[in-house]
Structure formats: structure tokens, C-alpha cells
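Results of the structural survey
So you can see what is in the structure, the chains are spelled out below.
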Amino acid sequence: MATMVTSTRPPVIKKGSGRGPSLPGPNGNGSKRRGPLPDPDSRANRYRIGMWVGLASIAMMFTSLSSAYIVRYASANDWLPLAIPRAMFASTALILISSVTLELARRKLKRSFQNAYTRYLLLTALLGLAFLSSQLIAWRQLARQGIYLASNPHSSFFYLLTGAHAVHLLGGLLALGFLWVRSRRVLSEPALIARRQATADAVTIYWHFMDGLWIYLFLLLFLWR
Amino acid sequence: MSVEHHEGVHRHPAPTGFIRKYIFSVDHKVIGIQYILLALAAVAVGMVMSLLMRLNLSWPGTSWPILETLFPTGAPGGVMNPEFYLSLVTMHGTIMVFFVLTTAPQGGFGNYFLPIQIGAEDMAFPVLNMMSFWVTLLGFIVILLAIFVEGNQSLGQLFAGLGPSFAGGSGTVGPIGGWTGYAPLSALGKIAGPGQGAGMNLWVISIAIFCVGSLLGALNFITTLLNMRTKGMSLMRMPLTCWAWFTTAVLALLSFPVLLGGGILLLLDRIAGTSFFIPSGLYVSGLLSGSNPNFPLHTGGSPILWQHLFWFFGHPEVYIAILPGMGATSHILATFARKPVFGYRAMVFAIFAIGLLGFFVWGHHMFISGMSPYSAIAFSVLTLSIGVPSAVKTFNWLGTLWGSRIRFTTAMLFALGFVSLFVAGGITGLILGQSSLDLAMHDTYIVTAHFHLVMGVASIFGMFAALYFWFPKMFGRFMNEGLGKIHFWLTFVGVYTIFVPMHIMGIVGMPRRYASFGEYEFLKTLHPLVLLVSVAAIITISAQLIFYFNVFWSIFKGKKASDNPWEATTLEWTTATPPPHDNFAGVLPTVYHGPYEFAVPGAPRDFVMQTDIDTEVPSGNGHNGHKH
Amino acid sequence: MGRVLAVIIWIITLLSVLLFVSGKWWFPTPISEHAPALDRQFMITIVVVGLSFTAAQIGLGWMVWKYRDTGKSGDRAIYTHGSNRLEVLWTVITAFVFIALGVMGQSVWASLRLHDAPPGSYSVEVVAQQFQWNFHYAGKDNKFGRTDPKFIDDSALNFVGLDSSDPSGADDAVTTALAIPVNRPVELRLRSKDVIHNFWVPQLRFKQDLVPGMEIKVHFTANKIGKYELACAELCGQLHFKMKSYMLVLPEEEIQALQGLPQEQFQAKMVELLAKYPLPTYQ
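Criteria and thresholds
Residues numbered from 1 in each chain as written. Chains lettered and ligands numbered in written order. Predicted model: local features only at pLDDT ≥ 70, side-chain atom pairs only at ≥ 80, totals over all residues. Heavy atoms only, no water. Helix = DSSP H or I, 4+ residues; strand = E, 2+ residues; numbered from the N terminus. Contact = heavy atoms within 4.5 Å. Buried area = accessible area lost by both parts, 1.4 Å probe. Salt bridge = Lys/Arg side-chain N within 4 Å of Asp/Glu carboxyl O. Polar contact = N/O pair within 3.5 Å; in protein donor to acceptor, adjacent residues only side chain to side chain. Nonpolar A, V, L, I, M, F, W, Y, C, P; charged D, E, K, R; others polar. Domains from an automatic or database assignment. Buried < 20%, exposed > 50% of the residue type's maximum accessible area, 1.4 Å probe, protein only. Expected span 1.5 Å × (residues − 1). Core = buried A, V, L, I, M, F, W, Y, C linked by side-chain atoms within 4.5 Å. Pairing = 2+ DSSP bridges. Axes fitted to C-alpha atoms, helices over the stretch in contact; angles between N-to-C directions. Parallel < 35°, antiparallel > 145°, perpendicular 65-115°, else oblique. Left-handed = near helix turned anticlockwise from the far one by under 90°.

The next subject is unusual backbone geometry. Here the residue pair Thr577(B) and Pro578(B) is connected by a cis peptide bond, since its omega of -15 degrees sits within 30 degrees of zero. Across the junction of Gln130(C) and Phe131(C), the peptide omega takes the value 0 degrees, indicating a cis bond. Structurally, the position occupied by Phe131(C) is in the loop between β1 (122–129) and β2 (132–137).

So, on to the interface of chain B and chain C. How big an interface is tends to be stated in terms of the accessible area lost upon association of its parts. Chain B puts 121 residues into the contact, and the matching count from chain C is 101 residues. Carbon and sulfur atoms make up 72% of the surface buried where chain B meets chain C, a total of about 9,700 Å² over both sides. Looking at the side of chain B facing chain C, the largest losses of area belong to Tyr283(B), Arg405(B) and Leu439(B), adding up to 8% of the total buried there. Across the chain B-chain C interface, the total number found is zero salt bridges. Put simply, chain B and chain C have 36 residue pairs in polar contact (both at pLDDT 80 or more) between them. The dominant element in the side of chain B that touches chain C, judged by the number of residues it contributes, is helix α18 (residues 481–508) of chain B, at 12 residues. Classifying every residue of the side of chain B that touches chain C by side-chain character gives 78 nonpolar, 29 polar and 14 charged.

Residue and element names in this part refer to chain B. Examined at the domain level, chain B breaks down into domain 1 (24–277), domain 2 (328–560) and domain 3 (568–628). The distance between the C-alpha centroids of domain 2 and domain 3 comes to 31 Å. For the domain 2 and domain 3 pair, buried surface summed over both sides reaches about 1,500 Å², with 61% attributable to carbon and sulfur atoms. The interface formed by domain 2 and domain 3 includes two salt bridges.

Our next topic: the pattern of salt bridges. Within the structure shown, the criterion is met by 22 salt bridges over all chains. Residue Arg43(A) pairs with Glu121(B) through a salt bridge whose shortest N-O separation is 3.2 Å. Residue Arg43(A) is located in helix α1 (residues 40–75), and its partner Glu121(B) is located in the loop between α5 (104–117) and α6 (126–151); the two belong to separate chains. As far as burial versus exposure is concerned, Arg43(A) and Glu121(B) are alike and both buried. Its salt-bridge partner being Arg338(B), residue Glu567(B) comes within 3.9 Å of it at the nearest N-O pair. Here Glu567(B) is found in the loop between α19 (527–557) and β4 (587–589), whereas its partner Arg338(B) is found in the loop between α10 (303–337) and α11 (344–357), with 229 residues between them in sequence.

Position of Lys29(B) relative to the elements: it lies in helix α2 (residues 28–58). Those residues in contact with Lys29(B) that sit more than four places away from it in its chain are Tyr112(B), Ile116(B), Pro579(B), Pro580(B), His581(B) and Asn583(B).

Residue and element names in this part refer to chain B. Under the 1.5 Å per step criterion, the end-to-end length of α2 is 44 Å for 31 residues, consistent within 8% with the ideal 45 Å. Summarising burial for α2: 24 of the 31 residues are buried, a large majority. Near the N-terminus of α2, the side chain that reaches the backbone nitrogen of Lys 29, with its oxygen 2.9 Å away, is that of Asp 27.

Attention now moves to α11(B). The end-to-end C-alpha distance of α11(B) is 20 Å, a good match for the 20 Å that 14 residues give at a rise of 1.5 Å each. Residues of α11(B) that are buried include every one of Tyr344(B), Ala346(B), Met347(B), Val348(B), Ala350(B), Ile351(B), Ile354(B), Gly355(B) and Leu357(B), and no others. Elements that come into contact with the buried residues of α11(B) comprise α9 (240–271), α10, α12 (373–385) and α13 (387–401) of chain B together with α3 (84–104) of chain C.

A separate point is the nonpolar core. Phe256(B), Phe461(B), Leu5(C), Trp133(C), Leu188(C), Phe199(C) and Met247(C) are the most contacted members of the largest nonpolar core, which has 362 residues in total. Those residues in contact with Leu188(C) that sit more than four places away from it in its chain are Val124(C), Val126(C), Leu178(C), Phe199(C), Ile216(C), Lys217(C), Val218(C) and Phe220(C). Counting five residues, the second largest nonpolar core, distinct from the first, contains Ala603(B), Val608(B), Val617(B) and Tyr79(C).

So, on to the pairing of β1(C). Residue and element names in this part refer to chain C. Of all eight residues that make up β1, eight are buried, and the element is covered over most of its length. Because side chains alternate across β1, one face comprises the buried residues Tyr 122, Val 124, Val 126 and Ala 128, and the other comprises Ser 123, Glu 125, Val 127 and Gln 129, equally buried. In this sheet, strand β5 (residues 185–192) lies alongside β1 in parallel orientation, the contact comprising seven bridges. From the neighbouring strand, Val 127 faces β5, where its bridge partner is Arg 191. Where β1 and β2 come together, six bridges link them in antiparallel fashion.

Bringing the sheet that holds strand β10 (residues 245–250) of chain C into the picture now. All names here are of chain C. The sheet built from five strands is open, its strands ordered β4-β10-β9-β6-β7 with mixed pairing. Strands with a single pairing partner mark the edges of an open sheet, and in this sheet they are β4 (178–181) and β7 (206–210). Strand-to-strand twist in this sheet, taken as the mean axis angle between neighbours without regard to direction, amounts to 25 degrees. Across four bridges, the pairing between β4 and β10 is parallel. In the strand pairing of β10, Pro 181 is matched with Leu 250. Packed on one face of the sheet, helix α5 (residues 252–259) meets β4 and β10 and runs near 125 degrees to β4. Each of β4, β9 (226–232) and β10 touches helix α6 (residues 263–276); the most contacted strand, β10, lies at about 85 degrees to it.

All names here are of chain B. Running from N to C, helix α14 (residues 410–427) and helix α17 (residues 445–475) point in directions that differ by 165 degrees, and their axes come no closer than 8 Å. With respect to α17, the axis of α14 lies roughly antiparallel. Along this stretch, α14 crosses α17, giving a crossing that reads as left-handed. Contacts between α14 and α17 pair Thr 410, Ala 411, Phe 414, Ala 415, Gly 417, Phe 418, Leu 421, Phe 422, Ala 424, Gly 425 and Gly 426 from the former with His 450, Leu 453, Val 454, Val 457, Ala 458, Ser 459, Phe 461, Gly 462, Phe 464, Ala 465, Tyr 468 and Phe 469 from the latter.

Next comes the structure, spelled out in C-alpha cells:
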């Protein structure tokens, strides 16, 4: 690649190179699949890829809020950490279980147990709703003690972080609803089947991320204080 | 020349009806044009604001009748008052950086051409793509609202009942804080002065909305590039424009969320009484914190925290503004020099290096902010090292031109202008990046000169080059070359005349964001330069009218263009002009060559298109998808 | 077209360089101990900047002149994808020059910022507000009287919040202009009442933000007697451009004379000194 070719010397063509490089696989992205084009699975991959990409940005936002948390903690001596509202434990249990149910749903779909898929989806959505309710209860528990958004830096971050998490979870809940509505359909085309699996995978990844994010926030708010 | 092809998949049929075709379209080409139109509107607003700023600085105290009619409070008797001037500074910066430099290069040209250049029928998520534009447009509408909420008395009072930070009508054209909105000035609300009320709320909200739109777009770009490249389009066969758009999208993905986080914290400080950025013990406008309903109690916040959050975003943002222009320049230089890009692989690494290092240098905006002087040293040395990949790119551009056969179309002139201006602007980074020198140079006009040359000029030249280059493909007609050349010459000479003297002003000591220079003796000698800059600005801004006329006239009356009028090599030139709804008429191309196979010895013509199955390109001499 | 472009680029380059070397507009005369080192570093940098700028523009102009397409048919560009050797060469050279500059550029910073003011420094507390500078002098006892925001009352002219019950504040003085001794390290304790400001005297080659909620200590040594304009260098509101004051660099005797004076006389003496010393001349 380093040889410089001037217009007076003939180009150096390596022996046996023929008409250039051999064609890569069916997809320009280097997939090893050799099936007919375009591969339905690789098309559907975009939902999974897109979700990971999107999660990177959500992670960055919570990272920035976390660093604000840490800096604010260290910047003055007015930090009065809250006691954990009891409802938060219920929230944690609910979201952990909902991750399990959604993962079950996803696997049922993979093995084509469509009815089971639908049922587990519904269960997850109900658990998600219960989670959001427990969040509201936690906020009310605090408000009853007179602790609001501006009361104290720790309470500010508590409301902000749990609120931001809840907003994102609500989005996930809407996605679950969307999946549930679509789950009744009987599909035969491989492209559409692959797409349904991919969207279920993507929403599941998102939901697990929300679960993990919750654990992280819980630890941040109540261990780093 | 035959082209091998394989079947594409029709994902959605072409839309009918005006609304679905041109307004709420999911077609990346329409969305790209919508972004470009948004940028054209925004840049006009930004230029008018800068014109007003120059008038105030050069002829202070002059009465401008039109201002008296439009802004009687901010410009009583037609004379701008200082808060009016500062709101112009703030809005000019915000509108230009966000709604021009972060829309057209990426959302505009990137949206239009990334899918086509990689051989895809559309972006990965067309509906999300449409949403990203409309969300961005909403952000623009909100920032424009800030003009009216502050400029108009009755509108400004509309929200005043909601709280101390919600009153507007200060007579300015928006908030005052610079595009950087440093806390606590930006967090305190109306008590800190005019332009700190409702306009500032709208500013934060507009930026937050913009963050969301940008993130949706970034997600699309990355997924599309990873998932939808056509057969034969390996990563090392992608045009450099695609590499630039990809890296820009990654930068946006990871930096905009931090701005969003910071913006939420700022908004909460303003309207919810929190103290993320507002420290204890403040005494503002005669009131002690907590002593008055207009000034609620704040304790313990950190103003420097805002700066960290803002600049962690802000520095990658400036690379977001310039990288697409670099990609376009490489692409256009190769095309009109009829020669491959020199050092394609090095160019890719340089783009990565700039993107990666861009995340580690934000502290150079904060050397004297009160942060740890040790971290200042670290940031400073890292900042100087980021000049290395930029220099490498410049060498490679010159290498591309060496031994070439240059065709001087307007697009080529702007690409060459980009190289010249990028060097001029980037090289002063060597001064500003050194912490010791920043002791003298911080917040002076040398900073203004530096960032305008790189962002406000080089980046814009990248966009001009891109538009003149791709216009025939987008609209089926050329832009007028004669008018284009006049536009180039006036603008090229004009921008140098505007911004080179600003370096001198900075050295003498002219501070940024000063509404007037009349107060200080040490600035009085600069007046001739101030005038020179303003005259040049007036001429250069006026010259842009030629450009606007050219764009809109040529869409309807320009000379008709064929499918590949520039004899270029990449995939967009293999398809019809303008491209059909699914870009390749149902038949996706197969790629056999790298993107810049010009002047191939033995080839029938001086260019080999990426899809050309018949022509041999010497292996071992190029990037034909080999893994070396 | 190529030739025209080359010539225009070269003319612009020449004019730009001339503007810089003309000497008509440059840094004001330095008045601090660290300024010569800073100015020297600036000169080295600007020479590197100027040479790189000029070389690149000459190179660009030469390329577009020499390699313009003269329309001779059959002529093609030279087919090359690059040269690894060149890439390594110019990357290494550039990295060396840039990083060397970067390392050199830390020495003045380190000398000023990495350690506290030496013992025996003359301390002044600087309290900035919208849109005025307040300088708090410790008086003969060299102890600053206690200040607290709750005592601040602008209308009663207690700008820095002096606690009247603190005896060490009895001999303190607060004025709107700065007076420091020549040839003696000066420590500034920077605070702000409301928003971020920035202390800046161009001749000093020295800037520092004043951040509310923080007390930032910086130091420098001025070595030229005179009166110099002081400007705010961080946007602080609509009268940012008018937040002006003066810095007086005085012989040691005049500083000693000032130190003993009570508030009103201190202010009157400052007015007198401000009138006595002229501003530097600018051509």
C-alpha cells in the first residue's frame, strides 16, 4: 500500500490478483452468512443495534447526572441524606421480577409459543405499572415528611434521578403496550417474524437496562451519601 | 460499463399526496432538504444579528430607526442598549452553533447522502428520522419565541405569574448569557438583570429539545451505517464523508446527553428552587439569598459544575460542527483533483483520533475558572496533541492535490477554501491551548477569531462546497457557476478580512462580550480595525444574498444535470438524478472498488466508479476491501 | 483560476503576516515578573503558528497553481493512495513540535498556580459584584476583619459584609480601586457576591475568574510603578463592559502610608493617588 506510482512507471500488479479482490459476504457489514440476499435476520438486527446505541446515550445522561451528584456532594456541607423510603424496596422487587418475566416472554417468542409470549408481556406491563405506583408512593412518603425537590441537595437528586428513571420506564411501558397489541398477529413471512423477534429483543434489552439502572441509582442514592 | 446488482427489499411504497411527500415525509432525502432549509433560515437570522452587533460596536450611539420600531424598549430612540447587544451575542451564538452548524452538515447532507453512499434504500429508522427533524424544528421555534418573549412587553408578562424567573419583556431579543450560559448568572432568574427571565427559560428548553432531536438523529446514523451497507461496501471502502458522519454521530450520541442533564439541572435551579449551581451566601441586586420572595434561599451549589457539564458537551460539539466539512472536503478535493485521497487510512484514523481526543480536552475552556491547576496542565497538554490529527489531515489534503489535475468548479473552490481557512483557524489553537498563554488570552477576541475561523467559516465553506457539489444530484439542475464563483471570491476574501484583524484585537486586549469599547484607554487604538472588520462584514453578509438567490433560482431554472455530471465515483452518482424514492429503483448496487479510484492507469477513463465490475484497479495499491 | 486563487491566497497570507509583525498593535508593556517568560512563550508559539500558517498557505497556493488542469488531453493525475512513510514522518514531527510547545507552555502556569503565595506577600481581598470591584485591605494589623454575607448592605456602603463587632476589622478599609506594592508578591483572595467575574489587567498578563461560593487565592508580583486599567473578563450581566477600575502599583512607602489610614482617609488618599499617576501611553 505504500508504493507510490508515478505516471511513467507501469503499476505494480501482484501476480494472481486477477480482477481485484474477491467479493465479501452477502452484507457489506461483513456478515458471515452466505444465504440469499438480503438476509431477514440482518435487516432485523437494526432494532437490536439501534437499541444498544440508544442505551449508550441514556447511560451518558445518567452518567452526567451522577457526576453532578458526586460533585455536589463534595462541594458544600449542606448534604443531608434521606432515609430510604420503604416503598423503594417494593420498587426494587417489582422491577427485578418484571425483568424475569419479560425475559421469559422473549424466550417464549423465540420458541414460537405465541400465547405464552402475550401473557408474559402483559404480566411484565402490569409489574411495570406497579413499579411506577410504588415510586409515586415513595414520593408521597417523602412529601408527608416535608421533603420536597428543593429541600436538600440529596432530596433534589432523589426526586430528579427517580423521576428521570420513571419517565424512561414509562417509555418502556408504552413500548410493551405496543408489543402486546402486535403480539396477537399471526405471521408467516420470515422477514416479519424476524422483525417481531428483533423488536421484542430490543424492548427486552431496554427493560433490563432500566432494571440495572434502577439498581445503580438505588446504590448511588443510598450508599454514596 | 455493466453493473452487477442484487434484489433490494421494498420496505415501503413511495408516498402520494403533498403532505406525505414533502411535509411529514419519512424519506431521508426530503428530511435532508428540510434540515438544509432550516439551516438556511437560521443562518439568515444569525447573520442579521451579527450585522447588528457590528453596527453597535463600530458606530456606537447611532440611532437605527428600524430598531426603534421593532424593539422600543431594548433600543430606545433606535440606539441599542447594552442588554440588547448582549442578547444579540447570546442568540447569534446559540442559533449558529445549534441550528446551523449542527443541522446542515450532519442532519442535512448526512441524512441525504449517507444512505445513498453506502447503498441503502433509506435510513434504518425512517419514522424516527422524521421525528428528529420535527423535534429540531420545534427547538428552533422555541428559541425564536425567546426573541418575542423578551422583546415584547405584553408577551413577556404572560408567564410572569408563574414565578420570579418567568417574567420577560426586558426589551432584549432573548436571554443574556452568551451561548455558554454560565451559572449562576443563568440560574438566578430575573433578579440578576434583564434577559435573565422567561427568555432564559425558553433558551434552556429549546436546547433540551434540540438535544433530543440530535440524539434521535445520531442513533439513526450509527445504526444505518453499521447495518445497511450494501454488498461489497466494507468499512474501508466507504467514502470519507461516511466516516465523518459516523464519527460525528458517535460524538453527538455521547455528548448531547450531558448537555441535556446539565440543562435539566439548570432549569430546576431556575424554576424549582434547587441549588445545583447556585452557591450559598449570594447578594444580588441588593438582596441576600433567602431574604425575599424574589430571591429564594439557595445553598451549596457549584457554578464550576455547570461549566464542566457544558464543556464536556461543548468541546465534542465543535468537532461535530467541523468533521462533516472535513469529510466533504476530502471527498470533493479528490473528485475535482481527479486523484485518490492521499492516505485514506490515515484520514480515517485522524477522524477517529479527533473524535476520541475531543472528549478529553474540555478543560481548556476552563483554565482560569477556579478548577484545579493540575487538571489545567493535563488538559493543556492533551489539547495540543489534538492538533496532530488535524495537521495530518491537512498534509493529506495537500498530498491529494500534489500531482493532480484540478478542475476549478465552485464546489472545488470552496473545498480549497476550507483547507486554507481550517489551517488559519486551527493553528491558533496552539496559542489558546497553552494554559500559560491563556492567562493573557482568555475571553479576548483572539478566542472569537479562532472559533469563528474554524466553525463560522471553515465549517460553512464545507457546507457551501457540499451544496454546490450535490445540488445537481438533489435537484437535477446545476447551481449557476458564474454566480457561485462571485460568491466564493467575495466570501473568501471577506471572511479573512473580518477575522484576521480580530487576532490583533485580542492581543491588544479587546475582551469578548463587551457592548462597547469606549470605556478603556487601552482599546482606543483598535478603532480602525473595528471599522475594517465591520465594513468587511457588511460586504460579506451582503454577498450571501447572491448565494440565496442562486440556490432558489437554480432549483427551478438551473442548467439541467445528468446522473454523473462531475464524473465522480461514489454510489450517489450511479443512480438517477434526482434519486428515486428508494434510491436505487429496487436494485441495490454491488461495490467492487474503493471510493476514490481516479486516474487509474490503464482504465478507459480517468475515474472508476465503485460499481464498475469491468475495470481492474491495481491491487496492493489501494483500499479495495483488503485487510492488510 | 488556479493561478488567481494561488495569488489571492498568497496576498492574504502576506497581509496577515504584515499585520502581526507591523508592531502597530501588540501586547501592552508588561509590568509583572512572570510577564517576560509569558511573552517569550507567546513569541515562540506565534513564530511556530506563523511559519505553519505561511507554509501551509504557500503550499496550498503552489498546488493549485502547478496542478491546475491545463486541458491537455490524455493527461491524468498521478495515481497514488499515499505513502505510509510520509504519514509516519509528518505525524511524528508534528506531534513532537506540538507536544514540546504544550509542555513548554506549562512552566509559567506552574510557577504561578501550583503553589501558594510566598510568606510576606501583601494580601488584598477582592470582592466582585455586579458591576463594581471592591478591594478589602487588612490594615496595619495585617488581619482581615471577619466578613459574612449577612452583613452585606450595599445601600449602607458595607459592600463586603464586614462584621463591625470584629476588632481586627476596625482598621480595615474597603475601596473600589486596587493598590499594591511594587516588587513584592501580592496575594489576591478572590470572591464574588453574585455571579462569575474575572480580574484582569492586560499589562499584568494575568487573569482569574471570581466564582461565587469560592475563595480563590492567586499571586503575582508587579514590577512597574503606575496606574493601570482593570477590566472584568467574564460576562456578568448588562454592564459587564463598564465594570472598570484601576490598579495602582505603588512604591513601598506609599503602601505603608495607606495602610495606617482609616476608611474615609484611605479613600481620599486613593483618589489623590489615582489622580497623581497617569495611565500608560498607547500609540
